[in-house]
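Residue-level structure breakdown
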Amino acid sequence: MIHTVLFDMGNVLVHFCHDRMCRQIGELCGHSGEEIRTLLIESGLQWEFERGRVSEDEFRRHLEAATGVQLNLDDVRHAGSDIFTLNEPIVPILDALKRRDYRLVLLSNTSVSHFDFVSRNFDVLSRFDDYVTSYGVGAVKPEDPIFEAAKRAIGCE
């Protein structure tokens, strides 16, 4: 019998655009979105941020060192996180599951900045009973530790 349903955040609960993130951060730094994509995504820095191995301030300092531009942490947070739109058709599905007493657990590769942005700007996460995030676990999907944490959160194999 099913008691718990796992949901991903990105492109399930909310849609996101890494191109927009790179473009917006690039605008802060005076660099192209493609240059920022190389700096963040292709270098692996974004994934280390999503693993929680790089703090928000370390992320900002890395950007400053790479671009030579002094940055405000709140500006970096906003530019890097204002990339989400609510996937509106999922909301009635979540509500129907909650009415039927299913536990909802989030399992997501995400950074603290992205999680906080989605929490503040959309009420979709308020429906969840537990959160398993890559930054909280220190691993991203498909690495084993995040799935082990999800199994503990849902209480089954």
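Attention in this report is confined to the structure presented alongside it. Quantities reported herein were computed from a predicted structural model and do not represent experimental measurements. (Residues numbered from 1 in each chain as written. Predicted model: local features only at pLDDT ≥ 70, side-chain atom pairs only at ≥ 80, totals over all residues. Heavy atoms only, no water.)

Side note on the nonpolar core
In a soluble, globular protein the nonpolar side chains are often hidden away together inside. To keep things clear, this is the line we draw: Among the buried residues, those of types Ala, Val, Leu, Ile, Met, Phe, Trp, Tyr and Cys that are joined through side-chain atoms within 4.5 Å form a nonpolar core. Relative accessibility decides the category of a residue: with a 1.4 Å probe and only protein chains considered, values under 20% of the type maximum give buried, values over 50% give exposed, and everything between is partly exposed. Segments assigned H or I by DSSP are reported as helices when at least four residues long, segments assigned E as strands when at least two residues long, and all are numbered from the N terminus. Should any heavy atoms of two residues lie within 4.5 Å, those residues are considered in contact.
Judged by nonpolar contacts, the single largest core of 35 residues is most densely connected at Leu 13 and Leu 40. Of all elements in the fold, only helix H1 (18-29), helix H2 (33-42), helix H3 (45-50), helix H4 (56-67), helix H5 (73-81), helix H6 (90-99), strand E4 (103-108) and helix H7 (112-121) reach the threshold of two or more residues within this core. Leu 13 has contacts with Phe 7, Asp 8, Leu 86, Asn 87, Ile 90, Leu 94, Leu 106, Val 124, Leu 125 and Phe 128, leaving out every residue within four places of it along the chain. Counting 9 residues, the second-largest nonpolar core is a separate cluster that includes Ala 139, Ala 149, Ala 150 and Ala 153.

Description of the pattern of salt bridges
Heads up, the condition is: Whenever a carboxyl oxygen of Asp or Glu lies within 4 Å of a side-chain nitrogen of Lys or Arg, that contact is scored as a salt bridge.
This structure, assessed with the given rule, holds 15 salt bridges. Between Lys 141 and Asp 8 there is a salt bridge whose closest N-O contact spans 2.9 Å. Taken together, the positions of Lys 141 in the loop between helix H8 (134-137) and helix H9 (144-154) and Asp 8 in the loop between strand E1 (4-7) and strand E2 (14-16) put the pair 133 residues apart, joining distant regions of the chain. For Lys 141, a relative accessible area of 23% gives the class partly exposed. The partly exposed category is assigned to Asp 8, whose relative accessible area is 25%.

Considerations on the environment of Arg 51
Its place among the elements puts Arg 51 in the loop between H3 and H4. The spacing of Arg 51 and Thr 67 is 16 residues in sequence and 23 Å in space, taken between C-alpha atoms. Beyond its immediate chain neighbours, meaning those up to four positions away, Arg 51 contacts Ser 134, Tyr 135, Gly 138, Ala 139, Val 140 and Glu 143.

Section: the pairing of strand E5 (residues 130-133)
Applicable threshold: Pairing between strands requires that DSSP locate at least two bridges from one strand to the other. Assignment of crossover handedness uses the view with strands pointing away from the viewer, where a clockwise path from the first strand over the helix to the second indicates a right-handed crossover.
Relative to E5, E4 runs parallel, the two sharing 4 bridges. Bridge assignment links Val 105 to a residue of E5, and that residue is Asp 130. Read as a crossover between parallel neighbours, the route from E4 over H7 to E5 is right-handed.

Digging into the packing of aromatic side chains
Going by this rule: Any two of the Phe, Tyr and Trp rings considered here, Trp counted by its six-membered ring, make a pair once their centres fall within 6.5 Å; the pair's planes then place it as stacked at under 30 degrees, edge-to-face at over 60, or tilted in between.
A full pass over the atoms with the stated rule returns 6 aromatic pairs. Here the aromatic rings of Phe 115 and Tyr 131 are separated by 5.2 Å at their centres, their planes lie at 80 degrees, and the arrangement is edge-to-face. Residue Phe 115 is found in helix H7, and its partner Tyr 131 is found in strand E5; the two are separated by 16 residues along the sequence. You can call Phe 115 buried: its relative accessible area is 10%. Three or more aromatic residues joined by ring pairs form one cluster here, namely Phe 16, Phe 84 and Phe 117.

Topic: the sheet that holds E4
Heads up, the condition is: Angles here are taken between N-to-C directions and fall from 0 to 180 degrees, while the axes themselves are lines fitted to C-alpha atoms, restricted in helices to the stretch in contact.
In space, the 3 strands of this open sheet follow the order E1-E4-E5, with parallel pairing throughout. Where the open sheet ends on each side, the last strands, each with one partner, are E1 and E5. Taking the axes of each pair of neighbouring strands and ignoring which way they run, one obtains an average angle of 20 degrees across the sheet. The sheet strands contacting H9 are E1, E4 and E5, and the helix crosses E4 at an angle near 170 degrees.

Concerning the packing of H2 against H4
Inclusion rule: Each angle is binned into one of four classes, with values under 35 degrees roughly parallel, values over 145 roughly antiparallel, values of 65 to 115 roughly perpendicular, and all other values oblique. Should the near helix be turned anticlockwise from the far one by less than a right angle, the crossing is left-handed, and should it be turned clockwise, the crossing is right-handed.
Axis separation between H2 and H4 bottoms out at 12 Å; the angle between their running directions is 130 degrees. In terms of orientation, H2 lies oblique with respect to H4. The interaxial crossing formed by H2 with H4 has right-handed handedness. Contact with H2, carried on its side by Ile 36, Leu 39 and Leu 40, involves Phe 59, His 62, Leu 63, Ala 66 and Thr 67 of H4 and no other residues of that element.

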